[in-house]
Amino acid sequence: MDPETGYLKKWTNFAQGYKLRWFILSSDGKLSYYIDQADTKNACRGSLNMSSCSLHLDSWHLKGNHP
C-alpha cells in the first residue's frame, strides 16, 4: 500500500502560528512531517507512530483544507 501524503497546517508557536507542512502517513501507521515535498530527502522534522500512540488535545495542532 502506498503512503498517504499531503499538506496540513501544523501549529508551531504563538509567534508564528500555523505553518504549512508536508505530511506522510505510511502504511505501518507512522505519521511524519517535513517543511515541504522537496524536504523529504532530508530527515523528517518529527513523527508519531499512530498505531500505538495516544493523542491529547494539545499534542499536535493540525488543520487541513479538505479530508
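- By the naming in an unreviewed UniProt entry, the chain goes by PH domain-containing protein and is assigned to Marmota marmota marmota.

## Comments concerning the overall build of the chain
For step 1, the next point in the chain: Of the regular secondary structure elements, the chain holds zero helices and five strands.
For step 2, the next point in the chain: Reading the helices (α) and strands (β) of the chain from amino to carboxyl end gives β-β-β-β-β.
For step 3, the next point in the chain: Sorting the 67 residues of the chain into buried and exposed places 21% on the buried side.
For step 4, the next point in the chain: Pairs at least 24 residues apart make up 20% of the contacts formed inside the chain by residues separated by at least 6 positions.
For step 5, the next point in the chain: Carbon together with sulfur atoms contributes 50% to the accessible area of the chain, which is approximately 5100 Å² in total.

## Notes on the sheet that holds strand β1 (residues 4-13)
In a beta sheet, neighbouring strands pair by backbone hydrogen bonds and run either parallel or antiparallel.
For step 1, the next point in the chain: Read from one edge of the open sheet, five strands run β4-β3-β2-β1-β5, paired in antiparallel fashion. One side of each edge strand has no neighbouring strand; the edge strands of this open sheet are β4 (46-49) and β5 (62-63).
For step 2, the next point in the chain: Inspection of the sheet shows β1 paired to strand β2 (residues 17-25) by nine bridges, in the antiparallel sense. When the bridges of β2 are listed, K9 appears paired with L20.

## What to know about the pairing of β2
For step 1, the next point in the chain: Counted along the chain from β1 to the antiparallel partner β2, the turn is three residues long.
For step 2, the next point in the chain: Pairing of β2 with strand β3 (residues 30-34), which is carried by four bridges, proceeds in the antiparallel orientation. Within β3, the residue paired with W22 across the bridge is Y34.
For step 3, the next point in the chain: Connecting β2 to the antiparallel partner β3 that follows it, the hairpin turn spans four residues, and G29 within it adopts a positive phi of roughly 95 degrees.

## A word on the pattern of salt bridges
For step 1, the next point in the chain: Under the defined criterion, the tally for this structure stands at one salt bridge.
For step 2, the next point in the chain: The partner of D39 in a salt bridge is R45, with the nearest N and O atoms 3.1 Å apart.
For step 3, the next point in the chain: For R45, a relative accessible area of 45% translates into the label partly exposed.

Reading the values: the criteria
Residues numbered from 1 in each chain as written. Predicted model: local features only at pLDDT ≥ 70, side-chain atom pairs only at ≥ 80, totals over all residues. Heavy atoms only, no water. Helix = DSSP H or I, 4+ residues; strand = E, 2+ residues; numbered from the N terminus. Buried < 20%, exposed > 50% of the residue type's maximum accessible area, 1.4 Å probe, protein only. Contact = heavy atoms within 4.5 Å. Areas by Shrake-Rupley, 256 points an atom, 1.4 Å probe, with all protein chains shown as cover. Pairing = 2+ DSSP bridges. Salt bridge = Lys/Arg side-chain N within 4 Å of Asp/Glu carboxyl O.

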